[in-house]
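Coordinate analysis (summary)
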Amino acid sequence: MSDLVALAYPDLATAQQVATNLGAASKAGLVEIDDLVLVEHQPGGKVKLHQPSLARSGAAGGAIWGGLIGLLFLAPVVGMAIGAAAGGASGAMVDNGIDDTFMKDLGSKLPPGGAALVVLVGEMVTDRLLSQVRIPGEVIQTSLDGISEAALRDALARPRQPA
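To start, this report covers the structure provided alongside it. Source: prediction; values computed, not measured.

Cut-offs and rules
Residues numbered from 1 in each chain as written. Predicted model: local features only at pLDDT ≥ 70, side-chain atom pairs only at ≥ 80, totals over all residues. Heavy atoms only, no water. Pairing = 2+ DSSP bridges. Helix = DSSP H or I, 4+ residues; strand = E, 2+ residues; numbered from the N terminus. Axes fitted to C-alpha atoms, helices over the stretch in contact; angles between N-to-C directions. Buried < 20%, exposed > 50% of the residue type's maximum accessible area, 1.4 Å probe, protein only. Salt bridge = Lys/Arg side-chain N within 4 Å of Asp/Glu carboxyl O.

Re the sheet that holds strand E2 (residues 31–41)
With antiparallel pairing, 5 strands are arranged side by side in an open sheet as E3-E2-E4-E1-E5. A strand with exactly one partner marks an edge of an open sheet, and here the two such strands are strand E3 (47–50) and strand E5 (138–142). Here the average twist between neighbouring strands, direction ignored, is 25°. By the bridge criterion, 7 bridges tie strand E1 (residues 3–9) to strand E4 (residues 115–124) in an arrangement that is antiparallel. When the sheet's bridge partners are listed, Asp 3 is paired in E4 with Val 121.

Below, the structure is given as structure tokens:
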């Protein structure tokens, strides 16, 4: 089961840097990210959601399955191409994860120019992930247990300097 974590930042650039850091932590196996959205409260009052495309992961999965099926018919390259196209199209059309209405409501509560990072986190290596926190932020909502939320708040209150 995934946990929701919403963190507020003073601007979109800072939230984007944290999202980049989370991506690196995901590649290192420290966290499994089920969904990630940047919520921006633009100076004019509009709330904009920045959602990464799921088409890439769908295309990769489709290519693998297409290649395997293509091997059965002695045409793995054709199978991979068809599988990638089908997987990419289905990944682009699927919008599962964090509810857009929830995020827009959350964004409207941010100060103009502010941003939030909203993440659905699957598995994580909590102590190693929190030790990598380098950018301060404010926890605005989580579904974490009390101990994990307190550790997150502490890590965000006292970020470490880059190594």
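So, the pairing of E1
The buried fraction of E1 amounts to 6 of the 7 residues, a majority that puts the element mostly inside the structure. Direction of pairing for E1 relative to E5: antiparallel, over a ladder of 4 bridges. In the sheet register, Val 5 faces E5, and the bridge partner there is Thr 142.

Section: the pattern of salt bridges
Taken as a whole and judged by the stated rule, the model has 2 salt bridges. The salt bridge partner of Lys 109 is Asp 105, with a shortest N-O separation of 3.3 Å. Given a relative accessible area of 66%, Lys 109 falls into the exposed group. For Glu 149, the salt bridge identified is with Arg 153, shortest N-O distance 2.7 Å. Of the two residues, Glu 149 and Arg 153 both sit in helix H6 (residues 146–157), 4 residues apart, roughly one turn of that helix.

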